[in-house]
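Fold and geometry: a report
The primary structure of each chain is shown beneath.
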Amino acid sequence: MNAIGQIQDDLKPFREKFGEFASLYDRTLLNSSELELLLDTYSSFIIDEDNKKRWEQLEQREWSELDPLVDELREQSARCVAVLEKYRALRLLENGEIDIADYFKNIESCIEKEFGHFQVTADSKVLLVGSGAFPMTPLLIAKKTGAEVVGIDIDEEAIDLGRKVISKLGPDLSIRLENTFVENLDCTKELTHIIFSSTVASKYDILEQLYDLTEEHVVVAMRFGNQLKSIFNYPLQKVNTNKWRMVEQILQPTQVFDIALYQKGNQSFDL
Ligand SMILES: C[S@@+](CC[C@H](N)C(=O)[O-])C[C@H]1O[C@@H](n2cnc3c(N)ncnc32)[C@H](O)[C@@H]1O
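Residues numbered from 1 in each chain as written. Predicted model: local features only at pLDDT ≥ 70, side-chain atom pairs only at ≥ 80, totals over all residues. Heavy atoms only, no water.

**Overview of the site of the ligand**
Around the ligand there are 18 residues in total, and Gly130, Asp153, Ser198, Thr199 and Arg223 lie nearest to it. Within the side chain of aspartate 153, an N or O atom sits 2.6 Å from an oxygen atom of the ligand. In the model, a nitrogen atom of the ligand is placed 3.4 Å from a nitrogen or oxygen of the isoleucine 154 main chain. Within the complex, 90% of the 590 Å² of free accessible area of the ligand lies under protein. Every element with two or more residues in the shell around the ligand is listed here: helix H4 (60–95) and helix H5 (102–111). The residue inventory of the shell around the ligand, partitioned by class, reads 8 nonpolar, 6 polar and 4 charged. (Near = heavy atom within 4 Å. Polar contact = N/O pair within 3.5 Å; in protein donor to acceptor, adjacent residues only side chain to side chain. Areas by Shrake-Rupley, 256 points an atom, 1.4 Å probe, with all protein chains shown as cover. Helix = DSSP H or I, 4+ residues; strand = E, 2+ residues; numbered from the N terminus. Nonpolar A, V, L, I, M, F, W, Y, C, P; charged D, E, K, R; others polar.)

Following this line, the structure appears as structure tokens:
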């Protein structure tokens, strides 16, 4: 079998299983362990050096052939990650358990490096787009820096669970979660830092929208995944360089996503 055929054979079972698990969620912990294992296996597949090389050796034509499969995998795995955060929240709220699956360890170790040279301090105000049911980014940032954090999510259940998780793990921290869109937020002019979850499909449209809503010195951390990482993350896109410019890329070979930092300005940085 040729290289592309082998990669397709490796990836198709993930697609079937993600589709199945995403629709099985019923607001209980049933299936949580199996989904956790599946996402850990998927994360390991993505950061495996041999798989990375196999992917890079494919030709442009072969990548285009993989596009439909990649789109489906990304969409289905994003649904499953959102469900996994709900399982983690339910486990904490129902059983008092804090379990750190590999996927979460991976995310948490990324948060440290999130803003490169543009550090968050106690005077910062941070927005997270796509805060999820287990808002570990707001918790870690607020706890470590004392900054004020606002998280938004389009999923009402995620916001509801997220608020309960915050009440349990960080009741005194300055964290607010809202089921709303950026245009309805009252504090966008005060934001100093913005983070986009990598599984938010419309993140570049929201970035464009945020240009007029925010102040001059705001720094944006866009989580993304290109190449093999794009089977789990929405990739980098070109931006309107009259508005945003990429000022730094934080590449994380051992993590499932990378980070691009943007500021306002009119110079581009090569993708
Ligand atoms: C699972 S969480 C966080 C995942 C992971 N920490 C990451 O970096 O991608 C992603 C959340 O983004 C939310 N989301 C998806 N599209 C969104 C949008 N346009 N605006 C706000 N939240 C969105 C989903 O509902 C989900 O709860």
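**Examining the pairing of strand E3 (residues 175–178)**
A one-sided burial pattern is seen for E3, the buried positions being Ile175 and Leu177 and the unburied ones Arg176 and Glu178. Bridge analysis of strand E2 (residues 148–152) against E3 gives 4 bridges, and the strand direction is parallel. Note on E3: the bridge partner recorded for glycine 151 is leucine 177. Crossover handedness for the path E2 to helix H7 (residues 156–169) to E3: right-handed. (Buried < 20%, exposed > 50% of the residue type's maximum accessible area, 1.4 Å probe, protein only. Pairing = 2+ DSSP bridges. Right-handed = clockwise from strand over helix to strand, strands pointing away.)

**Observations concerning the sheet that holds strand E4 (residues 193–196)**
Taken in spatial order, the 7 strands line up as E3-E2-E1-E4-E5-E7-E6 in an open sheet, and their pairing is mixed. Edge strands, defined here as strands with exactly one partner in the open sheet, are E3 and strand E6 (244–250). Going across the sheet, the axis of each strand differs from the next one's by a mean of 20°, ignoring polarity. By the bridge criterion, 4 bridges tie strand E1 (residues 125–129) to E4 in an arrangement that is parallel. When the sheet's bridge partners are listed, leucine 127 is paired in E4 with isoleucine 194. (Axes fitted to C-alpha atoms, helices over the stretch in contact; angles between N-to-C directions.)

**Considering the environment of arginine 79**
Structurally, arginine 79 is set in helix H4. Remark: the alpha-carbon pair of arginine 79 and serine 23, spanning 56 residues in sequence, is separated by 9.2 Å.

**Quick word on the nonpolar core**
Judged by nonpolar contacts, the single largest core of 59 residues is most densely connected at Leu11, Leu35 and Ile231. The residues that make up this core include at least three from each of domain 1 (3–95) and domain 2 (102–264). Of all hydrophobic cores here, the second largest spans 24 residues; its members include Val129, Val150, Ile194 and Tyr262. (Core = buried A, V, L, I, M, F, W, Y, C linked by side-chain atoms within 4.5 Å. Domains from an automatic or database assignment.)

**Considerations on the domain arrangement of the chain**
Each assigned domain of the chain is listed here: domain 1 (3–95) and domain 2 (102–264). Placing the centre of domain 1 and that of domain 2 at their C-alpha centroids yields a distance of 22 Å. Contacts between domain 1 and domain 2 engage 30 residues on the former and 32 residues on the latter. Taken together, the two surfaces of domain 1 and domain 2 that pack against each other cover about 2900 Å², and 67% of this comes from carbon and sulfur. At the junction of domain 1 with domain 2, the criterion picks out 3 salt bridges. Lysine 86 is the salt-bridge partner of glutamate 157, the closest N and O atoms lying 3.0 Å from each other. Counting the contacts that link domain 1 with domain 2 gives 10 residue pairs in polar contact (both at pLDDT 80 or more). (Contact = heavy atoms within 4.5 Å. Buried area = accessible area lost by both parts, 1.4 Å probe. Salt bridge = Lys/Arg side-chain N within 4 Å of Asp/Glu carboxyl O.)

**Side note on helix H1 (residues 3–24)**
Here H1 is 22 residues long and its end C-alpha atoms lie 33 Å apart, about the 32 Å a rise of 1.5 Å per residue gives. Along its length, H1 reaches its greatest deviation from straightness, about 25°, at leucine 11, and the proline proline 13 lies no more than four positions downstream. Those residues of H1 that fall on the buried side of the exposure criterion are Ile4, Gly5, Ile7, Gln8, Leu11, Phe14, Phe18, Phe21 and Ala22. Along its buried surface, H1 packs onto helix H2 (32–47), helix H3 (49–56) and H4. (Expected span 1.5 Å × (residues − 1). Bend = angle between axes of the 7 residues up to and from the residue.)

**Describing the side chain of glutamate 85**
Topologically, glutamate 85 is positioned in helix H4. Here glutamate 85 sits buried without a salt bridge, and the closest side chain of opposite charge, arginine 88, lies 6.9 Å off (N-O distance). Here alanine 133 takes part through its backbone nitrogen, which lies 3.3 Å from a polar atom of the side chain of glutamate 85. (Lys, Arg positive; Asp, Glu negative; His and termini not counted.)

**Remarks on the pairing of E1**
Of all 5 residues in E1, 5 are buried, a share of seventy percent or more. Residues Lys125, Leu127 and Val129 line one face of E1 and the alternating positions Val126 and Leu128 line the opposite face, and both faces are buried. Between E1 and its parallel partner E2, the chain crosses via helix H6 (residues 136–145), and the hand of that crossover is right-handed.

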